[in-house]
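# Coordinate analysis (summary)
Given next are the chains, with one letter for each unit.
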Amino acid sequence: MIALRDLILAFADDEHLIGQQHTEWIGVTPFLEEDLAFSSIGQDELGHAALLYELALELDDLAPSDTAIDSLAYERPSDEYRSSAFTEYTTNDWAETIVRHWVYDQAEMLRWINVTGSSHQPLAEIVDRVTAEEVYHRLHADAILDSLLANADASSRLVDALERLAPLVPTVLASVDGEDDLVKHRVIRQRTDTLLPDLVTNIDIRFGRTITAPTPSVGRRSRSSSFAPLMSRMREVFDIDPAAIW
Amino acid sequence: MSRAWSDIEAFEEFLDDGGIVEVDDAMPAAYRDAVFNFIEMHANSELMGGLTERDWIPKTPGLRHKMSVLAKTQDEIGHGHLLYMVAADLGIKTRRQMLEDLFAGKSRFHNVFHYQAKTWGDQVAIAFLVDAAALASQQAVFKNCSYGPYRRILKRIISEEGFHMRLGEDRMMRIANGTNAQREMFQESLDRWFWPALQLFGPDSKPNDVLLRWHIKSERNEVLRDKWVQKFVPLLQSYGFTIPAPNLSWDEVTRRWDVGPIDWEPLKRTLAQGGPDSARRIGEARKNWEQTSWVRDALDEQVPA
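Attention in this report is confined to the structure presented alongside it.

The number of helices and strands found in chain B is 12 helices and 2 strands. The helix and strand sequence of chain B, counted from the amino end, reads α-α-α-α-α-α-α-α-α-β-β-α-α-α. Its C-alpha atoms give chain B a radius of gyration of 20 Å, within 12% of the compact-globule value 19 Å for 305 residues. Overall, chain B is about 60 × 55 × 35 Å in size when its C-alpha atoms are taken along their principal axes. The buried share among the 305 residues of chain B stands at 41%. In chain B, of all internal contacts separated by at least 6 residues, the share reaching a separation of at least 24 is 75%.

Another point: the interface of chain A and chain B. Between chain A and chain B, the residue contacts involve 45 residues of the former and 37 residues of the latter. Every element with two or more residues in the side of chain A that touches chain B is listed here: helix H1 (2-23), helix H2 (32-59), helix H3 (66-74), helix H6 (121-149), helix H7 (152-165) and helix H10 (227-234) of chain A. No other element matches H2 of chain A, which puts 11 residues into the side of chain A that touches chain B. Considering only residue class, the side of chain A that touches chain B consists of 23 nonpolar, 12 polar and 10 charged.

Right, let's get into helix H11 (residues 278-291) of chain B. The first and last C-alpha atoms of H11 of chain B sit 20 Å apart over 14 residues, in line with the 20 Å expected at 1.5 Å per residue. Looking at the packing, one finds that the buried side of H11 of chain B touches helix H2 (29-54), helix H4 (95-103) and helix H10 (265-274) of chain B.

In this structure, Ile8, Leu52 and Tyr53 of chain A together with Leu129, Val130, Ala133 and Ala197 of chain B are the most contacted members of the largest nonpolar core, which totals 102 residues. A total of 13 residues in this core trace back to one element, the largest contributor, which is helix H5 (residues 120-144) of chain B. Dropping the residues within four chain positions of it, Ala133 of chain B is found in contact with Ala197, Leu200, Phe201 and Trp228 of chain B. The next biggest cluster of nonpolar side chains, apart from the first, holds 32 residues, and it includes Ile18, Val103, Leu173 and Ala174 of chain A.

With that out of the way, let us pick up unusual backbone geometry. Working note: non-glycine residues mostly have negative phi, and peptide bonds are mostly trans. Located in the positive-phi region is Arg186 of chain A, a residue other than glycine, with phi close to 60°. With a phi close to 55°, Arg255 of chain B is a non-glycine residue in the positive phi region. Here Arg255 of chain B is to be found in the loop between strand S1 (249-251) and strand S2 (256-258).

The subject of this paragraph is helix H5 (residues 94-115) of chain A. Residues and elements named next belong to chain A. Counted at 1.5 Å a residue, the expected span for H5 with its 22 residues is 32 Å, and the 31 Å between its end C-alpha atoms agrees. For H5, a buried count of 16 out of 22 residues is recorded, marking the element as mostly surrounded by other parts of the structure. One or two positions beyond H5, positive phi appears at Gly117, with a value near 75°.

Definitions and cut-offs
- Within each chain, residues carry numbers counting from 1 in the order of the written sequence.
- Chain A is the first chain written and ligand 1 is the first ligand written, with later ones labelled in order.
- In keeping with the model being predicted, local features are shown solely for residues with a pLDDT of at least 70 and side-chain atom pairs are shown and tallied solely at 80 or more, while totals for entire chains, interfaces and linings include all residues.
- Strands here mean DSSP runs of E at least two residues long; helices mean DSSP runs of H or I at least four residues long; both are numbered from the N terminus.
- A radius of gyration in this sense is built from C-alpha atoms; the matching globule rule multiplies 2.2 Å by the number of residues raised to 0.38.
- Exposure is read from a count of other C-beta atoms within 10 Å of each residue's own; the residue is exposed at 12 or fewer, buried at 20 or more and partly exposed in between. C-beta atoms are placed from the backbone.
- Throughout, a pair of residues is in contact if the C-beta atoms placed from their backbones lie within 7 Å.
- In the scheme used here, Gly and all other residues not listed as nonpolar or charged are polar, with Ala, Val, Leu, Ile, Met, Phe, Trp, Tyr, Cys and Pro taken as nonpolar and Asp, Glu, Lys and Arg as charged.
- Residue count minus one, scaled by 1.5 Å, sets the expected span of a helix.
- As used here, a nonpolar core is made of buried Ala, Val, Leu, Ile, Met, Phe, Trp, Tyr and Cys residues. They are joined through C-beta atoms within 7 Å.

As structure tokens, this is what we get:
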């Protein structure tokens, strides 16, 4: 049960944080259509996070109210989050942002495939709904990369950004503790960290660049240095008055 | 089908009869300029409004709450996107030129978006007070606007803005019914935003305002401003907030609220780019625009000549 809860939280936390990261770019992307795309994709990712937090609440026998979802999303001690350094990281520029968007959505696709037909029925039931939206996220990221990678200057900026992000990439497919049991019970098809070679291959095909050999599984028990400032920003209004309902 | 008028009198007669001008009509240059300037300012205001709110989007308290706020900002930027297209079709400036003028500090946008949203309370005050003011102005333009493409876009904008106002009202009520800390925060926001929101309507319309004469606007500024005052003064008071107008009075005879003399100096300063947050706001937008020019340059290259 702990492994299943961790698996769901790992996915929920990553969806939450990538959605959060998208919100930082609205209004300051290179052009208006991209602002609109990031607003839309950000909403989808936060919505997926809410669905997954609901599944975690069900395991705890708690009703999935907005308040309960928010207490999972914002109020756990940092060592109880299961997010990855890849989604915790605050990007420095648009090149890193669009590359992370593309890489994240590829990793996300692999993770959803990995729970398709899951023996944990509630998880299996949300796959179709979520993946129907995810198709458009990947089409969007691919369309913009198709154009930018065809330009020498833009391509070199994107490849540099990929190199900077590369050390963090394996973290987005890190396994939670106890995944071997989850495979045995057919909750997932394979350990999450064994999806990494597929992601590296997809990156290779897309960017024509093999990223530095990924490290073995790093787990999801600790947070990166980006997490605390990110969470403090997200909690700023909540922290004004813990008794308040906003 | 392009139409033409023999002179400005014939054109004005057409407008007075309820005529609707379309983009391919041979409209008088002065009318074209006036419509363009009006729509450009509206487009800029939608975009800058989105930028004013973006400071607080990542801090929105609550996951589903944040989704609603994102949807609202997406609408605002979407309105900007549509309006820039309608403005660009008039053939005076391209969208890129309009954006570059905006980020160079050469263009105008609504006074309120020269102010900083300093707290979450400000964010809610904007959604509640400012969106209502903007909506009232847009409804008045929509009612009788002589420029067809703008009027059609306004229909969609107004329906979405109605949702925003209800979202703002819902959030304001949660604060009004909330803790002391919440109520104090909103009172401070009201103190900061009441007058700028009221000034959004502008000073009294001039007797011979071409925007009115050419049916681009259909209501005088002072009429719209007064409607806003009559609605929001009692509403805010009913939630227990204090209106920051020392000369506020209730006239028993006319049964109307009077906010007293309005100091227009802050509005004049603001529209001359000297508002409280103008430099930072424009400066940041310009910096972001410059830092992402490589993307636009690369994409422009993809477009066949």
